[in-house]
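What the coordinates show
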Amino acid sequence: MSSKKIDIKVTDISKGQGILVPIEPVDEIKLPPPYDKLEELPGFKKLTQQALDKYDGYVDGVIAVGVPKPQNEEEEQKLVESFLSGLMKLFSNENNWTFLQPLVLSMEHCAKCQTCNHDCPVYEASGEEEIYRPTYRAEILRRLYFKYVKPGSPLLKKFQYGDIELNWTLISRLVELSYRCTLCRRCAQSCPIGVDNGLITHELRKLFSQEMGIAPKELHEKGTVQQLEVGSSTGMNALVVKDNIEFIDEDMSEKVGFKVETKWDVEGADVLLIHNAGEILSWPENPGAFAILCELAGIKWTLSSEAVGYDGVNYGLFYDDVQLARIVVKHAEIAKKLGVKKIVMGECGHESKVLGIIGERIIGGDVHTENALTFMENIINSGKLNLNPDRNYFPVTLHDPCNLVRIMGVVEPQRRILRKIAPKFREMHPHGVRNYCCGGGSGFAVMSGNNFADWRMHFSGKMKFKQILDAFADEDLNSNSPKYVCAPCSNCKGQIRDILDFYGAKEKSGIYYGGLVELIINAVDDLKEPFIDFDMM
Amino acid sequence: MPLFEWEEVKIMVDEDGFMENPEEWNERVALALASTEDISELTEDHWKIINYLRDYFKQYGIAPMIRKLCKETGYSLKQIYELFPSGPAKGACKVAGLAKPTGCV
């Protein structure tokens, strides 16, 4: 049942104490059989009383962040003051020189045309829930900007831009609301003026983290903080990562019949490969396939065993510029110290964006960066691999990770590869820069506390599942003969795994998922056994 | 963090039911946690997996790779799912008192 009948205004964000709009899964995005019965799906977990007592920020009956309740009025007042101080910093050159200009432009120039709304998969999946409208959250910040930051007569500004009451209710709800957008920036792409609602959400998260110390623990405490302290957001120290890679090497050697051996800390190597460390633990075939690829191509490559150097993730991108800088500087130092020619990022979208766009400028000099997709295409073009596409004779579709494709513009290399190695490759629609997010973007794939995992399935991830099913519409969805969703990004893979589990799509329709490098190695004709083993997936 | 009570066992768990203080784990705690995972009794097969996870965790401070768990205990992933319906990470690790896995896993 849809709750969209509740008429919500921007000013309602500061009003009342309870849940602003209690949401429920709706059936706005129609899925084909056997997935067309909403009532057969696992429901939406209600928040426990313990959670309700502990946290603030009731916007939709979902908790992603868990905003601690202030203990008394004095504390509450301090939080409001700290929000205001953070707001001023967002709009000051010395504190936010990197994003100030696009942020101000996005504040000043939204024409309220609402063109962006239907580009948002969350807004669509919710049956046009007002609080998920891309401009709803943006309008709250916009009114605060005009009221508190922009000079001018208060009365005139109120009349011209609309008023809003700043209080703890608004702030705590806005924290949660800034974690209901995957930062996919599909809306920014469709804006005729160039207003970036994704950026606005990002700036809000920054304010909450950098000024108020509020951030999801999966991204901060267990994410960037753990990565800087232990070496990896997964908790792997150097000893563990070496042990795991040795295990993968042995496994791969057995599989391919020749010795696969990862080398560590090779000075002057052509390539320093930095995987998202989650691959090593959860999808070992992926780093395994990279090792095989580099061996076959005769590349002088290495991994780094220095803390942070073996984990390419940088969750700072999603919520905190300071944490982002700490990690990217560390990656740059490691590459410089080893004197490698370039860093190649593993199949990870946000890592590719951070190192490829931001990191490249910090590293400077002779160290360059390359994303996995162009790196792999160059190897294939070199003719060093003996490829037989018939070894991939099963339906394959391609997911476009937002950071790599829409944001960085890496669109064709992965498609040219698939056209060469996967005879039954078909596109999703829309695709390329018009793709839909997997629903796990901006760190959501690793966030599942309270009932947020349910939200990811019913709201942010539903459009992607529909796209996957539609891509295989010419296949029998009631048969479990293998179909492969190629998702060259760890974060997207985590979300797609959860979606497929949630709908039972592997059992019902034989829908599997994995990266791109695994498909390449599966097409190598010299291997006795297929590299991809669907029974193990 | 919520308090979880089962018979005489009282432990603090996170939002997903993982132990907040893994050092408080004992065999009674394992039974208590198993009760949240649709596991009616802990058989010898369960214990083999739990003990492997505990030993690995003690040595390395995190959960092992799933592939390693399968290879070194001799159970297939399918068998692990039969024993622990939520799977190795969300089910077996929880009962073994490990902290919730972190990062892009």
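Every value quoted in this text rests on a predicted model; they were computed, and no experiment measured them.

Attention shifts here to the overall build of chain B. Assigned secondary structure in chain B consists of five helices and two strands. Secondary structure of chain B in N-to-C order comes out as β-β-α-α-α-α-α. Scaling as 2.2 N^0.38, a compact globule of 105 residues should have a C-alpha radius of gyration of about 13 Å, and chain B matches this with 13 Å. The C-alpha extent of chain B, read off along each of the three principal axes, is 35 × 30 × 20 Å. In chain B, which comprises 105 residues, the share counted as buried stands at 37%.

When you go through chain A residue by residue, the secondary structure sums to 25 helices and ten strands. The globule rule puts the C-alpha radius of gyration for 537 residues at 24 Å, and the 24 Å found for chain A is close to it. When the backbone C-alpha atoms are referred to their principal axes, chain A occupies close to 75 × 55 × 45 Å. For chain A, long-range pairs separated by at least 24 residues make up 78% of all intrachain contacts whose partners lie at least 6 apart in sequence.

Here we come to helix 12 (residues 238-256) of chain A. Here helix 12 of chain A is 19 residues long and its end C-alpha atoms lie 27 Å apart, about the 27 Å a rise of 1.5 Å per residue gives. Taken together, the buried positions of helix 12 of chain A are occupied by Val240, Val241, Asn244, Ile245, Ile248, Met252, Lys255 and Val256 of chain A. For helix 12 of chain A, the buried positions fall inside an angular range of 125 degrees around the axis, keeping them on one side. Residues Glu246 and Glu254 of chain A are exposed on helix 12 of chain A and point more than 90 degrees away from its buried face. At its buried positions, helix 12 of chain A is contacted by helix 13 (277-282) and helix 14 (285-297) of chain A together with helix 2 (44-60) of chain B. Glycine 257 of chain A sits one or two residues past helix 12 of chain A and shows a positive phi near 85 degrees.

Here the focus is the sheet that holds strand 8 (residues 425-426) of chain A. All names here are of chain A. Read from one edge of the open sheet, four strands run 8-7-9-10, paired in parallel fashion. Each edge of the open sheet is held by one strand with a lone partner, namely strand 8 and strand 10 (511-514). Sheet topology note: the strand 7 (residues 396-398)/strand 9 (residues 483-486) ladder contains three bridges and is parallel. Within strand 9, the residue paired with threonine 397 across the bridge is valine 485.

On the chain B side, the residues contacting the 28 residues of chain A number 13 residues. Counting only elements with at least two residues in the side of chain A that touches chain B, the list comes to helix 11 (220-230), helix 12, helix 13 and helix 23 (490-503) of chain A. Partitioning the side of chain A that touches chain B into residue classes produces nine nonpolar, 16 polar and three charged.

Moving on: helix 16 (residues 321-338) of chain A. Residue and element names in this part refer to chain A. With 18 residues, helix 16 should cover 26 Å at 1.5 Å per step; its first-to-last C-alpha distance of 26 Å lies within 8% of that length. Looking only at helix 16, the buried set comprises Gln323, Ile327, Val328, His331, Ala332, Ile334 and Ala335. In an axial view of helix 16, the angular spread of the buried residues amounts to 165 degrees, which keeps them on one side of the axis. Buried positions along helix 16 lie against helix 11, strand 3 (271-274), helix 15 (316-319), strand 5 (342-345) and helix 17 (349-363). Note on helix 16: the residue one or two positions beyond its end, glycine 339, has a positive phi of about 65 degrees.

On to the domain arrangement of chain A. When the parts come together, some accessible area is lost, and that loss is often what is quoted as the size of the interface. Residues and elements named next belong to chain A. Under the domain assignment, chain A is made up of domain 1 (10-212), domain 2 (221-370) and domain 3 (386-536). Here domain 1 and domain 3 have C-alpha centroids that lie 30 Å from each other. If you look at the interface, domain 1 gives 25 residues, while domain 3 gives 31 residues. The greatest single-element share of the side of domain 1 that touches domain 3, amounting to four residues, is contributed by helix 5 (residues 121-125). By residue class, the composition of the side of domain 1 that touches domain 3 is 18 nonpolar, four polar and three charged.

What follows covers the pairing of strand 2 (residues 9-12) of chain B. All names here are of chain B. Inspection of the sheet shows strand 1 (residues 3-6) paired to strand 2 by four bridges, in the antiparallel sense. Residue pairing for strand 2: phenylalanine 4 is matched across the bridge by isoleucine 11. Linking strand 1 to strand 2, which pair antiparallel, is a turn of two residues; within it glutamate 7 sits at a positive phi near 45 degrees.

On to the environment of isoleucine 8 of chain A. Residue and element names in this part refer to chain A. Within the secondary structure, isoleucine 8 is located in the segment before helix 1 (49-54). Classification of isoleucine 8 as partly exposed rests on a count of 16 C-beta atoms within 10 Å. Along the primary structure isoleucine 8 and isoleucine 131 are separated by 123 residues, whereas in three dimensions their C-alpha atoms are 7.5 Å apart. When neighbours within four sequence positions are excluded, isoleucine 8 is seen to be in contact with Leu20, Val21, Glu130 and Ile131.

This part takes up unusual backbone geometry. Trans is the prevailing form of peptide bonds, just as negative phi is the prevailing case for residues other than glycine. Cis geometry is adopted by the peptide bond preceding proline 34 of chain A, which originates at proline 33 of chain A and carries an omega value of 5 degrees. Relative to the assigned elements, proline 34 of chain A resides in the segment before helix 1. In this structure, proline 430 of chain A follows histidine 429 of chain A across a cis peptide bond, with omega equal to -10 degrees. Mapped onto the secondary structure, proline 430 of chain A falls in the loop between strand 8 and helix 21 (452-460). The backbone phi angle of glutamate 7 of chain B is positive, close to 45 degrees, even though this residue is not glycine. Here glutamate 7 of chain B is to be found in the loop between strand 1 and strand 2.

The next point concerns the sheet that holds strand 6 (residues 368-370) of chain A. Residues and elements named next belong to chain A. The strand order across the open sheet formed by four strands is 4-3-5-6, and the pairing between neighbours is parallel. Each edge of the sheet is formed by a strand with only one pairing partner; in this case those strands are strand 4 (301-302) and strand 6. The pairing of strand 3 with strand 4 spans two bridges and is classified as parallel. Bridge pairing in strand 4 links leucine 272 to threonine 302.

Here we come to the confidence of the model for chain B. Residues and elements named next belong to chain B. For chain B, per-residue confidence averages 93 on the pLDDT scale, and 99% of positions sit at 70 or higher. Helix 2 holds the highest mean pLDDT among the elements of chain B, 96, whereas strand 1 holds the lowest, 91. Interface predicted TM-score (ipTM) for the complex: 0.91; the corresponding pTM is 0.96.

The next point concerns the packing of helix 21 of chain A against helix 23 of chain A. Residue and element names in this part refer to chain A. Look at helix 21 against helix 23: their axes get within 10 Å of each other, and the N-to-C directions meet at 80 degrees. The angle between helix 21 and helix 23 falls in the class roughly perpendicular. Between helix 21, through Ala453, Arg456 and Met457, and helix 23, the contact on the second element is made entirely by Gln495, Asp498, Ile499 and Phe502. A class-by-class count of the residues in the contact of helix 21 with helix 23 yields four nonpolar, one polar and two charged.

This brings us to the packing of helix 16 of chain A against helix 17 of chain A. Residues and elements named next belong to chain A. Two elements in contact, helix 16 and helix 17, have axes separated by 10 Å at closest approach and are oriented at 65 degrees. The crossing of helix 16 and helix 17 is right-handed. Of helix 17, the residues touching helix 16 (which contributes Leu324, Val328, Val329, His331, Ala332, Ala335 and Lys336) are Val354, Leu355, Ile358, Gly359, Ile362 and Ile363. Across the contact of helix 16 with helix 17, the residue classes tally to ten nonpolar, two polar and one charged.

Rules and cut-offs
- Residues numbered from 1 in each chain as written.
- Chains lettered and ligands numbered in written order.
- Predicted model: local features only at pLDDT ≥ 70, side-chain atom pairs only at ≥ 80, totals over all residues.
- Helix = DSSP H or I, 4+ residues; strand = E, 2+ residues; numbered from the N terminus.
- Rg over C-alpha atoms; globule rule 2.2 N^0.38 Å.
- Buried ≥ 20, exposed ≤ 12 C-beta atoms within 10 Å, placed from the backbone.
- Contact = placed C-beta atoms within 7 Å.
- Expected span 1.5 Å × (residues − 1).
- Arc of directions from axis to C-beta.
- Pairing = 2+ DSSP bridges.
- Nonpolar A, V, L, I, M, F, W, Y, C, P; charged D, E, K, R; others polar.
- Domains from an automatic or database assignment.
- pLDDT = per-residue confidence, 0-100.
- Axes fitted to C-alpha atoms, helices over the stretch in contact; angles between N-to-C directions.
- Parallel < 35°, antiparallel > 145°, perpendicular 65-115°, else oblique.
- Left-handed = near helix turned anticlockwise from the far one by under 90°.

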